[in-house]
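Residues per chain, in single letters:
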Amino acid sequence: VNANSIYTCEYLTLIIGDLANCVNNINTINLAGEAFSGLTDLMEKARSKFIDVLCKCWERDAKTFFMLEEWILDPQNPQFTTLLKRYYDYHKFCARTAHKICSLAAVSADINEPQERIIPPSYIEKVRGSFLESTYTFLDGLVQLAFTDYTPLNEKDELLLAKKREKIDVH
């Protein structure tokens, strides 16, 4: 509940990778069909739940993303603040993680290299919906930034941030 989506992405990717490796290792001992089909069902259910969790965290964190605005200009693009770059990196990371989880196949010829598979349309729709929902939520947050008074998250760091801001009048 208290983890952010970046940590959630990292751990879910590690867990699904380990699970795929375990299924591959068990596959090499050639279990009977019914026993192995249970493992592939487990892998598919885990993948589905992981995508659900990732999408919920992605949407949840987008609701508070606007609070990370520090009003510091981006050195590479001085007409924008660093919030837009962070937002881009955030979405790219979540989308790539969703793709990794969706496309990882458990059974492959090489145990150390699980192969990628075709992504089911239901996963694509979940991820697309979360991307759009978090984008709309982020835009709502920008509206809140534009029409409310600035209140810093941490009063101690406010003095340091004021020096980095240079010419921006936050209010």
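Computed from a prediction, not measured in an experiment: that's the story for all the values here.

> Would you mind going over the packing of aromatic side chains in detail, with residue names and values included?
Under the definition given, this model contains five aromatic pairs. Ring plane angle 65° and centroid distance 6.4 Å describe the contact between Trp-58 and Phe-131, whose orientation is recorded as edge-to-face. Separated by 73 residues along the polypeptide, Trp-58 in helix H2 (residues 33-62) and Phe-131 in helix H4 (residues 121-147) bring together distant segments of the chain. Judged by its relative accessible area of 0%, Trp-58 is buried.

> An account of a nonpolar patch on the surface is requested, with residue identities and associated values reported.
A cluster of nonpolar residues, Tyr-7, Tyr-11, Leu-14 and Ile-15, forms a patch on the protein surface that exposes about 470 Å² of accessible area. In this fold, Leu-14 is placed in helix H1 (residues 5-27).

> Break down helix H3 (residues 82-103) for me, with residues and values.
Its 22 residues give H3 an end-to-end C-alpha distance of 32 Å, which sits within 8% of 32 Å, the value for a rise of 1.5 Å per residue. Among the residues of H3, Thr-82, Leu-83, Tyr-87, Tyr-90, His-91, Cys-94, Thr-97, Ala-98, Ile-101, Cys-102 and Ser-103 are the ones counted as buried.

> Any details on the environment of Asn-4? Residues and values, ideally.
Checked against the element boundaries, Asn-4 lands in the segment before H1. Residue Asn-4 is classed as partly exposed on the basis of its relative accessible area of 32%. Placed 57 residues apart in sequence, Asn-4 and Asp-61 show a C-alpha to C-alpha distance of 6.8 Å. For Asn-4, the residues in contact, after removing those within four places along its chain, are Arg-60 and Asp-61. At 2.9 Å, the side chain of Asn-4 forms a polar contact with the backbone nitrogen of Tyr-7.

> Provide a residue-level description of the packing of H1 against H3, including the pertinent values.
Two elements in contact, H1 and H3, have axes separated by 10 Å at closest approach and are oriented at 20°. Considering the angle they form, H1 stands roughly parallel to H3. The handedness of the crossing between H1 and H3 is left-handed. In contact with Ser-5, Ile-6, Cys-9, Glu-10, Leu-12, Thr-13 and Ile-16 of H1, H3 contributes Tyr-90, Phe-93, Cys-94, Thr-97, Lys-100 and Ile-101. Of the residues that constitute the contact of H1 with H3, the class distribution is eight nonpolar, three polar and two charged.

> Give a description of the side chain of Ser-5 that names residues and reports values.
Tracing the backbone through its elements, the reader meets Ser-5 in helix H1. Among the residues examined, Ser-5 registers a relative accessible area of 1% and is labelled buried. Beyond its immediate sequence surroundings of up to four residues, Ser-5 is in contact with Cys-57, Trp-58, Arg-60, Asp-61, Tyr-90 and Cys-94.

What counts, and where the lines are drawn
Residues numbered from 1 in each chain as written. Predicted model: local features only at pLDDT ≥ 70, side-chain atom pairs only at ≥ 80, totals over all residues. Heavy atoms only, no water. Phe/Tyr/Trp six-rings, centres within 6.5 Å; stacked < 30°, edge-to-face > 60°. Helix = DSSP H or I, 4+ residues; strand = E, 2+ residues; numbered from the N terminus. Buried < 20%, exposed > 50% of the residue type's maximum accessible area, 1.4 Å probe, protein only. Patch = residues over 30% accessible without salt bridge, like charges linked within 9 Å, V, L, I, M, F, W, Y side chains within 5 Å. Areas by Shrake-Rupley, 256 points an atom, 1.4 Å probe, with all protein chains shown as cover. Salt bridge = Lys/Arg side-chain N within 4 Å of Asp/Glu carboxyl O. Expected span 1.5 Å × (residues − 1). Contact = heavy atoms within 4.5 Å. Polar contact = N/O pair within 3.5 Å; in protein donor to acceptor, adjacent residues only side chain to side chain. Axes fitted to C-alpha atoms, helices over the stretch in contact; angles between N-to-C directions. Parallel < 35°, antiparallel > 145°, perpendicular 65-115°, else oblique. Left-handed = near helix turned anticlockwise from the far one by under 90°. Nonpolar A, V, L, I, M, F, W, Y, C, P; charged D, E, K, R; others polar.

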